[in-house]
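Summary of structural features
Spelled out from the first residue to the last, the chains are:
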Amino acid sequence: MQSFLLAVDRFSTWIGKACAWSVVVLTLLISWEVFSRYVLNQPHAWVLDAQIMLYGLLFMMAGAYTLSKNGHVRGDVLYGFLRPRTQAIVDLTLYIIFFLPGVVALTWAGWTYANESLAIREQTFNADPIPVYPFKFVIPVSGFVLLLQGIVEIIRCIQCIQTGAWPVREGDVEEVDVEKLKEMVHVKDEDMAALERDLALKENHK
């Protein structure tokens, strides 16, 4: 199982790094257009649309990569103080309630949206039109890759709930050092354990 999880991590990482090259293409395209517009006095109507598409490619395809590195934004100040098993319970709940329905809807609707665009060979509306439909297929592809990575994260949550420790992953991003943060605010593991017990008792009384 662990080999499968790491394989999906590597797949998401590879896609993210490949699509990151769109930044280079975007930079060169903008630089060339600025030179052409202001020096040669030859602007191109299609460049703005191409810029938006390249940025969309970068933004959409970065989702699975960021998730594989555990790099999405969360409230680390509170979340980081929780025990791994509690973190996993919180994550698993949010994945089931919010992540899965949203990403499945994105993938399904994106596939329909892209096929409708392909059927009419959709182009941009300007003097020099360029095809739009190839870029619209980025939506379902990014949704599928993000869904695959999300399933891997759900499996990790289940494993953490069972074992009490997060499974290893490749290339974790650097996050807040929770131990140093605890020292700064004078919080001990015993304090967090007591807080969790108090919360559990309150839930039982309701």
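Residues numbered from 1 in each chain as written. Predicted model: local features only at pLDDT ≥ 70, side-chain atom pairs only at ≥ 80, totals over all residues. Heavy atoms only, no water.

1. Let's talk about the nonpolar core
Grouped together as the largest cluster of nonpolar side chains are 18 residues, with contacts concentrated most on Met61, Tyr95, Phe99 and Leu146. Looking at this core element by element, the count peaks at 7 residues for helix 7 (residues 138-163). Beyond its immediate sequence surroundings of up to four residues, Phe99 is in contact with Leu67, Leu94, Leu146, Leu147 and Gly150. Of all hydrophobic cores here, the second largest spans 8 residues; its members include Leu29, Ala50, Met53 and Leu54. (Core = buried A, V, L, I, M, F, W, Y, C linked by side-chain atoms within 4.5 Å. Buried < 20%, exposed > 50% of the residue type's maximum accessible area, 1.4 Å probe, protein only. Helix = DSSP H or I, 4+ residues; strand = E, 2+ residues; numbered from the N terminus. Contact = heavy atoms within 4.5 Å.)

2. Some remarks on the packing of helix 3 (residues 46-68) against helix 7
Relative orientation of the contacting elements helix 3 and helix 7 amounts to 10°, with a least axis distance of 8 Å. Taken together, the axes of helix 3 and helix 7 lie roughly parallel to each other. Residues Leu57, Met60, Met61, Gly63, Ala64, Leu67 and Ser68 of helix 3 pack against Val138, Ile139, Val141, Ser142, Val145, Leu146, Gln149, Gly150 and Glu153 of helix 7. (Axes fitted to C-alpha atoms, helices over the stretch in contact; angles between N-to-C directions. Parallel < 35°, antiparallel > 145°, perpendicular 65-115°, else oblique.)

3. Side note on the side chain of Gln87
By the element assignment, Gln87 lies in helix 5 (residues 84-119). Every residue in contact with Gln87, bar those within four places of it in the chain, is listed here: Tyr79, Gly80, Leu82 and Trp166.

4. Structural notes on the packing of aromatic side chains
For the structure on display, the rule yields 4 aromatic pairs. Taking 5.3 Å as the distance between ring centres and 85° as the angle between the ring planes, the aromatic pair formed by Tyr95 and Phe99 counts as edge-to-face. Note that Tyr95 and Phe99 are positioned in helix 5 at a spacing of 4 residues, about one turn of the helix. Taken as a pair, Tyr95 and Phe99 share a single burial class, namely buried. Between Trp111 and Phe137, the ring centres sit 5.8 Å apart and the planes meet at 75°, which makes this aromatic pair edge-to-face. Taken together, the residues span a long stretch of sequence, with Trp111 in helix 5 and Phe137 in the loop between helix 6 (133-136) and helix 7 at a distance of 26 residues. (Phe/Tyr/Trp six-rings, centres within 6.5 Å; stacked < 30°, edge-to-face > 60°.)

5. Some thoughts on the pattern of salt bridges
Where side chains of opposite charge bring their charged atoms close, a pairing between them can arise. In the structure shown here, the tally under the stated rule is 4 salt bridges. Note that Asp9 is salt-bridged to Arg156, the shortest N-O span being 2.4 Å. Of the two residues, Asp9 is situated in helix 1 (residues 2-20) and Arg156 in helix 7; the sequence distance between them amounts to 147 residues. Each member of the pair, Asp9 together with Arg156, is buried. Between Glu33 and Arg37 there is a salt bridge whose closest N-O contact spans 3.3 Å. Remark: Arg37 and Glu33 occur in helix 2 (residues 22-38); sequence separation between them is 4 residues, near one turn of the helix. (Salt bridge = Lys/Arg side-chain N within 4 Å of Asp/Glu carboxyl O.)

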